[in-house]
Each structure stands twice: as structure tokens, then as C-alpha cells.
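Descriptive analysis of the structure
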Amino acid sequence: MTKYRIKHVDMIGYFAQVKHGVFSNWCTIGKHTNGFGDYEEDHLDYPLQTRHQAVTVAHAYADYHKLTKGFTTYSDIML
């Protein structure tokens, strides 16, 4: 159950946010060169100027999340 919302902070801007489950907290979506990242709800870096931009980021994140779900793997290495 993934939910999305747009957070507006006066004098700062708009932020797309995601919640991945009933017991998870809201996270601010951050766009990176190669994908997206989830940050604390009160993360205020890189605000968006309009609500439309925030909605676009939320849609892009949802598409990215669908494509990468189940395909991300991690492996331990010895250094």
C-alpha cells in the first residue's frame, strides 16, 4: 500500500512525499541523476517551485519504483 502526497511549506516550496506502508513514515522524494531517494519527512533541500512539478516527481518515482522493484540486489564484499 504505497501512498503519495504533496507537502507545501510557505516561503520554501513544494515536496513530493511517499509512504510505503501502514507502519512506515512519510518520506520526501529526492530526484538523483540515476534515480530517486527517500529522505526524512522534514527534509527541505531542493524544493520544487510548483505543485505540478511535485506531482510530476511523484509520478516519475512511482514509475521508477515499479520498474526497479525486485530487481535491486545487494552483495557483501570483502575489503
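The structure this text deals with has already been given above.
These notes cover the structure that comes with them. Computed from a predicted model, the values in this text were never measured in an experiment. Within every chain, residues take consecutive numbers counted from 1 along the sequence as written. Restriction of local features to residues with pLDDT of at least 70 applies here, the model being predicted, together with a cutoff of 80 or more for giving and counting side-chain atom pairs; totals for whole chains, interfaces and linings are based on all residues. Each side-chain value is derived from all of the structure's non-hydrogen atoms; neither hydrogens nor water enter the calculation.

Considering the pairing of strand β4 (residues 35-39)
- The rule for pairing is simple: two strands pair if DSSP sees at least two bridges between them. The helix count covers DSSP runs of H or I at least four residues long, the strand count covers runs of E at least two residues long, and both are numbered beginning at the N terminus. Bridge count for strand β3 (residues 27-32) against β4 is 5 bridges, and the pairing is antiparallel. Paired with I29 across the two strands is D38, which belongs to β4.
- Taken together, β3 and the strand that follows it, β4, pair antiparallel across an intervening segment of 2 residues.

Section: the nonpolar core
- One finds A16, V18, C27, I29, F36, A54, V57, A58 and Y61 forming the largest nonpolar core, which totals 9 residues.
- Mapped onto this core, the elements with two or more residues apiece are β2 (13-19), β3 and α1 (51-68).
- Of the residues forming this core, the biggest block, 4 residues, is contributed by α1.
- Contact criterion: two residues are considered in contact whenever any of their non-hydrogen atoms come within 4.5 Å of each other. Residues in contact with V18, not counting those within four places in the same chain, are T2, K3, Y4, N25, W26, C27, I29, D38 and Y61. Definition used in this section: a nonpolar core is a set of buried Ala, Val, Leu, Ile, Met, Phe, Trp, Tyr and Cys residues joined via side-chain atoms within 4.5 Å. For every residue, the accessible area obtained with a 1.4 Å probe (protein chains only) is divided by the maximum for its type, and the residue is called buried under 20%, exposed over 50%, and partly exposed between those limits.

Comments concerning the side chain of Q17
- Mapped onto the elements, Q17 comes out in strand β2.
- Under this definition, polar contacts are N or O atom pairs within 3.5 Å; protein pairs additionally need one hydrogen-donor-capable and one acceptor-capable atom, and for neighbouring residues in sequence, both atoms have to be side-chain atoms. Within polar-contact distance, the side chain of Q17 engages the side chain of T28 at 3.1 Å.
- A polar atom in the side chain of Q17 sits 3.1 Å from the backbone oxygen of E41.
- If we skip the residues at most four places from it in the chain, Q17 touches K3, Y4, R5, K7, W26, C27, T28, I29 and E41.

Notes on the side chain of T28
- Relative to the helices and strands, T28 resides in strand β3.
- Once residues lying within four places of it in the same chain are set aside, the contact partners of T28 are F15, A16, Q17, G37, D38, Y39, E40, E41 and H43.

Some details on the packing of aromatic side chains
- Each aromatic pair joins two rings of Phe, Tyr and Trp (for Trp, the six-membered one) with centres within 6.5 Å, and gets the label stacked for planes under 30 degrees apart, edge-to-face for over 60, and tilted for any other angle. With the rule as written, the count across this model stands at 3 aromatic pairs.
- With a centroid separation of 6.3 Å and an interplanar angle of 75 degrees, the aromatic rings of Y4 and Y61 are classed as edge-to-face. One end of the pair, Y4, is in strand β1 (residues 3-9); the other, Y61, is in helix α1, and 57 residues separate them in sequence.
- The exposure class of Y4 is partly exposed, given its relative accessible area of 33%.
- Chaining the aromatic ring pairs together yields one cluster made of Y4, F36, Y61 and Y64.
- Note that R5 overlies the ring of W26, its terminal NZ or CZ placed 4.2 Å from the centroid. Consider the ring centre and the ring normal. A charge sits over the ring if Lys NZ or Arg CZ is within 6 Å of that centre and within 35 degrees of that normal.

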